[in-house]
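Listed here are the chains, written in short residue letters.
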Amino acid sequence: MATRTDSRSPAPHVADNHDLIRVHGARVNNLKDVSVEIPKRRLTVFTGVSGSGKSSLVFSTIAAESQRMINETYSAFLQGFMPTLARPEVDVLEGLTTAIIVDQQRMGADPRSTVGTATDANAMLRILFSRLGKPHIGPPSAYSFNTASVRASGGITVERGAAKTKTVKATFHRTGGMCTRCEGRGSVSDIDLTQLYDDSKSLAEGAFTIPGWKSDSQWTVQVYAQSGFVDPDKPIRKYTKKELQAFLYGEPVKVKVNGVNLTYEGLIPKIQKSFLSKDKEALQPHIRAFVERAVTFTTCPECDGTRLSEGARSSKIERISIADACAMQISDLATWVSKLDEPSVAPLLAALRHTLDSFVQIGLGYLSLDRPAGTLSGGESQRVKMIRHLGSSLTDVTYVFDEPTIGLHPHDIQRMNDLLLRLRDKGNTVLVVEHKPETIAIADHIVDLGPGAGTAGGAVCFEGTVEGLRKSSTVTGRHFDDRAAVKDSVRKPTGALEIRGASLHNLRDVDVDIPLGVLTVLTGVAGSGKSSLVHGSIPAGENVVSVDQSPIKGSRRSNPATYTGLLDPIRKAFAKANDVKPALFSANSEGACPTCNGAGVIYTDLGMMAGTTTMCEDCEGKRFDASVLEYHFGGRDISEVLAMSVAEAEEFFGTGETSTPAAHRILGRLADVGLGYLTLGQPLTTLSGGERQRLKLATHMAEKGGVYVLDEPTAGLHLADVQQLLGLLDRLVDCGKSVIVVEHHQAVMAHADWIIDLGPGAGHDGGRIVFEGTPADLVADRSTLTGEHLAAYVGA
């Protein structure tokens, strides 16, 4: 007898109820008890003006808690090797899934890191060449520029059983691919000794001219003077050959200085370790100037910049060495790999093809695997990090993106949108912080934060669909369909900056005259050669101020006041008013709270559990010693001044008895770039990408220069903030400055006086000038990709 089936639909399973990420009472940074419900397996875009709290909600709350909970699944022993994450300030967080964060954090500038080593591509190529390369030179390590060849032989003692020892001869050999001359860096440094010391003086007379090396008290100098290897009272030019060799190239050895055991080593290796092993951009300005003055870097003559040994370069597959493969444009390398047909390595070839195709899919086919990772922009770094996730079989995870369209031409944004939708369609939750209307338009769900920035933001202004956002009265809704019009009249240039024969990277012997006294915008798809032209071909000098995309360096002790130099005139004003030392008004110096050392918080290591951060009870988070807070200026103590917003401080230091012109000028520049809402003492670590970019712009505006070169200043800016930026650029030009902007934003293109378009494609398909003229001519011409997109934007 057949069983009867019930035609009624089954009751929903209890597991199907968990289809939302619920956030209630989020108070991280400027969030004001935010509560939202985010649908899973959908694309949710978070919008709002820069500083409204988007990153605080998405990264510092949702993603941070997901990572913290995953870390807690490991043993206490393993957690000891992981970064300790504090629980975000939030009442309820439910429905979280594993979060994969793809942010704009630029890749490390380590000279050994390249695009190939930062992905799996280089590792797979090494295995491929170790299997198919002719002649065969060894295992994959033989093709690695990070692995040195090592040989060792000798007797080793083997202990077996009670008191049974035996000495046996052992030999160890490892073949590496590192070039021995440059040690895998691709360049060699030549140090100008005249910049290190004055050879007419002795060490006792202060011969060293290295910043921070003083002969009377500096320990480093005393090591040389009291080492016994040189005579501290003899001029350096009179050293014997033996003394000079020990002074410049001596091996590390222990010496006793004033009863203390210290390490002595030659001056050249000391300089290399102290200055050259660090990221140059991370150095203090005066140290960086010294390095640029004293050290010249040239391409390694032995490996010709490939970083690889002669043996690694001699092994080839179809007349292509691994150095040739890494130097190829990735789109060309993908074509070469697809033609290889070897059944013995078929799975490896398939994986390598997929990785290289992924580069091309996300618009990075113009890169090469030997490109140093530190030279990638924030947008390029983010897209490189995406590659490992594109072919992933994982589903039901949360992908978190921070403005993935940064650095992308309008032509490439559609490709990025397709990738976001592909990740969603595999059953993943995709959370995107974004300002571009083209990406906001594809969202399934939108969360708009605001209404303003800083203390004026931190609230949810709108939740819903794209159509709902358009009809809403929020700042994003009002500006969503904004379209700039092409200028009716443009400024006339006052001169021209001539560039002749530019050939850096992919530029093809470019000759161009960049007009001066106007707003010039360089456009073109990502990788067309724009940055190479402005940063590599415009002569750097006292008259050129360049604001690039390099990140701001700073810890939680750094804030807008310290970064811009604003704290110096403020400290002096407090010191003068109270007749005390300026150092008292620094939380990093004499005025620091002794309990928390001026950090404002106490870090507690709980050993087995995650460490905690609590506000310092003695200074209540103010960072200063109680005695310092008794000194006032204009009725405010130093902590109250640092708690002011830029707008409040501008008024406070502008008039009356508290008038401080030096401070007022800096505050005016911060207000000009739209940072009036920031508090002076807010840690740099809490600023968004857009805020950091504008903070850097405000700092550079103080420099005396006739030509300003800006690299994508709209990065991280809300639609409403772009108009303010255009006003700032106009003011710079009207003051007699020449402004050259590398930009993808159509509103900036439409506002330009002159446009130089590079292309027509990226990599070796670009590097040429495809248009020069006014925006109106570019729209009318429509002969380039930029022209087509600008015409569509302005509705022509």
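Rules behind the numbers
Residues numbered from 1 in each chain as written. Predicted model: local features only at pLDDT ≥ 70, side-chain atom pairs only at ≥ 80, totals over all residues. Heavy atoms only, no water. Buried < 20%, exposed > 50% of the residue type's maximum accessible area, 1.4 Å probe, protein only. Helix = DSSP H or I, 4+ residues; strand = E, 2+ residues; numbered from the N terminus. Pairing = 2+ DSSP bridges. Expected span 1.5 Å × (residues − 1). Phe/Tyr/Trp six-rings, centres within 6.5 Å; stacked < 30°, edge-to-face > 60°. Core = buried A, V, L, I, M, F, W, Y, C linked by side-chain atoms within 4.5 Å. Contact = heavy atoms within 4.5 Å. Axes fitted to C-alpha atoms, helices over the stretch in contact; angles between N-to-C directions. Parallel < 35°, antiparallel > 145°, perpendicular 65-115°, else oblique. Nonpolar A, V, L, I, M, F, W, Y, C, P; charged D, E, K, R; others polar. Left-handed = near helix turned anticlockwise from the far one by under 90°.

K.L.:
Where do I start with the pairing of strand β26 (residues 754-759) in this structure?
P.N.:
The two faces of the sheet receive side chains in turn, since in a regular strand these alternate between them. Most of β26 sits out of view: 5 of its 6 residues are buried. Across 5 bridges, β26 lies against strand β27 (residues 768-773) in antiparallel orientation. Considered in β27, the bridge of D757 is made with F771.

K.L.:
For this particular structure, what's the right way to read helix α25 (residues 719-734)?
P.N.:
Along an α-helix, a turn takes 3.6 residues, which lines up residues three or four apart on a common side. In a regular helix each residue adds 1.5 Å, so 16 residues correspond to 22 Å; α25 covers 24 Å between its end C-alpha atoms and thus fits that length. Residues of α25 that are buried: L719, D721, V722, L725, L726, L728, L729, D730, L732 and V733. Positive phi appears at G736, one or two residues downstream of α25, with a value of about 100 degrees.

K.L.:
How should I be thinking about the packing of aromatic side chains in this particular structure?
P.N.:
Each pair of aromatic rings is reported with the distance of its centres and the angle of its planes. In the structure shown here, the tally under the stated rule is 16 aromatic pairs. Each ring, one from Y224 and one from F247, has its centre 5.8 Å from the other, and the planes form 75 degrees; the classification is edge-to-face. Of this pair, Y224 sits in helix α5 (residues 219-225) while F247 sits in helix α6 (residues 241-249), and the two are 23 residues apart along the sequence. Each of the two residues, Y224 as well as F247, counts as buried. For the ring pair F633 and F652, a centre distance of 6.3 Å and an interplane angle of 80 degrees mean the geometry is edge-to-face. Separated by 19 residues along the polypeptide, F633 in the loop between β23 (612-615) and α21 (638-642) and F652 in helix α22 (residues 646-652) bring together distant segments of the chain.

K.L.:
Help me understand the nonpolar core in this model?
P.N.:
One recurring pattern in soluble globular proteins is that nonpolar side chains are buried together. I570, I638, F653, L680 and L729 are the most contacted members of the largest nonpolar core, which totals 70 residues. With 7 residues, the top contributor of residues to this core is α25. Apart from residues no more than four positions distant in its own chain, L680 is found in contact with N559, P560, A561, L566, I570, V641, L642, M644, V646, A649 and L667.

K.L.:
What is the right way to read the packing of α6 against helix α7 (residues 267-276) from this model?
P.N.:
When two helices pack together, their arrangement is given by the angle between their axes and by how far apart the axes lie. Look at α6 against α7: their axes get within 4 Å of each other, and the N-to-C directions meet at 10 degrees. By the criterion of interaxial angle, the relationship of α6 to α7 is roughly parallel. Facing F247, L248 and Y249 of α6, the residues of α7 in contact are L267, I268 and P269. Broken down by class, the residue content of the contact of α6 with α7 amounts to 6 nonpolar, no polar and no charged.

K.L.:
Help me understand the packing of helix α11 (residues 330-338) against helix α12 (residues 346-361), please; the structure alone is not making it clear to me.
P.N.:
Viewed as axis vectors pointing N to C, α11 and α12 meet at an angle of 155 degrees, and their least axial separation amounts to 9 Å. Of the possible angle classes, the one that applies to α11 and α12 is roughly antiparallel. Every pair of crossing elements has a handedness; the one defined by α11 and α12 is left-handed. Residues I330, S331, L333, A334, V337 and S338 of α11 form the contact with α12, whose own contacting residues are L349, L352, R353, L356, D357, F359 and V360. Taken together, the residues of the contact of α11 with α12 sort by class into 9 nonpolar, 2 polar and 2 charged.

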